[in-house]
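What follows is each chain in one-letter form.
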Amino acid sequence: MPLPIIPPGLEARATADRTALLAQLDAGGKQADVLASEGRFLQMLHGMLERAKNGIANVINAVLKPSDRLTSPQDWGITRQATSPISTSIDEYDGPSGKGWGCRQEIEIAGVVWYRMEWVENPEGRPLVEWTEVP
């Protein structure tokens, strides 16, 4: 597996996007509120028409929600940037040890797709994934 080629500027933007979303979701226990209300953690689609590529900023549709969800992140007061060169989503799971959620980011650079995954609520003990090439 080749080492990721994530330019420093894109890495900084990816970290800023992730930090901004995680701060909103953890602030005041927002994810706990969603779980109590809906029985599931809030999910967020990356909101772009296509995967982020080569550092070009794409417009983000901040009101998109998974088709099986009644509420969107916007309904819960979560705000997103208007554009980003990184695809960022919030994923959830329901495993034998409990429910969890985390932040996934993706970018395609020169035809190679890279992703990283940070689990925040993680009763299954799923691993942190630093920038890794998608097989």
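Q: Please clarify how the environment of Gln 43 should be interpreted in this entry.
A: Mapped onto the fold, Gln 43 is located in the loop between α2 (30–38) and β1 (58–59). Residues Gln 43 and Gly 100, 57 residues apart in the sequence, show an inter-C-alpha distance of 11 Å. Each residue touching Gln 43, except ones within four places of it in the same chain, is listed here: Pro 66, Asp 68, Arg 69, Pro 73, Ile 90 and Glu 92. Looking at Gln 43, its side chain comes within polar contact range of the side chain of Arg 40, at 3.0 Å. Polar side-chain contacts of Gln 43 include one of 3.2 Å to the side chain of Arg 69.

Q: How do you make sense of helix α1 (residues 8–26) when you look at a structure like this?
A: For the α-helix, the turn length of 3.6 residues means that residues three or four positions removed from each other point alike. Here α1 contains 19 residues, and its C-alpha end-to-end distance of 27 Å stays within 8% of the 27 Å for a straight helix at 1.5 Å per residue. Residues of α1 that are buried: Leu 10, Ala 14, Asp 17, Arg 18, Leu 21, Leu 22, Gln 24 and Leu 25. Looking straight down α1, one finds that the buried residues subtend no more than 165° of arc, so they occupy a single side. Exposed and facing more than 90 degrees away from the buried side of α1 are Pro 8 and Gly 9. Looking at the packing, one finds that the buried side of α1 touches α2, β2 (83–84), β3 (87–95), β4 (98–109), β5 (112–121) and β6 (129–133). Within two residues after α1, Gly 28 carries a phi angle of roughly 65°, on the positive side.

Q: Sorry, what's going on with the pattern of salt bridges here?
A: If charged atoms from side chains of opposite charge come close, those side chains can pair. Within this structure, the stated rule accounts for 11 salt bridges. With a closest N to O distance of 3.9 Å, Glu 92 and Arg 69 form a salt bridge. Of this pair, Glu 92 sits in strand β3 while Arg 69 sits in the loop between β1 and β2, and the two are 23 residues apart along the sequence. Of the residues examined, Arg 69 reaches a relative accessible area of 4% and is grouped as buried. When the shortest N-O distance is used, the salt bridge between Arg 104 and Glu 106 registers 2.8 Å. Sharing partners across several salt bridges, the network here consists of Glu 38, Arg 40, Asp 68, Arg 69 and Glu 92.

Q: For this particular structure, what's the right way to read the sheet that holds β3?
A: Strand pairing in a sheet relies on backbone hydrogen bonds, with the paired strands running either antiparallel or parallel. The strand order across the open sheet formed by four strands is β3-β4-β5-β6, and the pairing between neighbours is antiparallel. The two strands at the open ends of the sheet, each matched to only one other strand, are β3 and β6. In this sheet, neighbouring strand axes are inclined to one another by 25° on average, regardless of whether the strands run parallel or antiparallel. Where α1 meets the sheet, it contacts β3, β4, β5 and β6, and its direction lies at approximately 155° from that of β4.

The rules behind these values
Residues numbered from 1 in each chain as written. Predicted model: local features only at pLDDT ≥ 70, side-chain atom pairs only at ≥ 80, totals over all residues. Heavy atoms only, no water. Helix = DSSP H or I, 4+ residues; strand = E, 2+ residues; numbered from the N terminus. Contact = heavy atoms within 4.5 Å. Polar contact = N/O pair within 3.5 Å; in protein donor to acceptor, adjacent residues only side chain to side chain. Expected span 1.5 Å × (residues − 1). Buried < 20%, exposed > 50% of the residue type's maximum accessible area, 1.4 Å probe, protein only. Arc of directions from axis to C-beta. Salt bridge = Lys/Arg side-chain N within 4 Å of Asp/Glu carboxyl O. Pairing = 2+ DSSP bridges. Axes fitted to C-alpha atoms, helices over the stretch in contact; angles between N-to-C directions.

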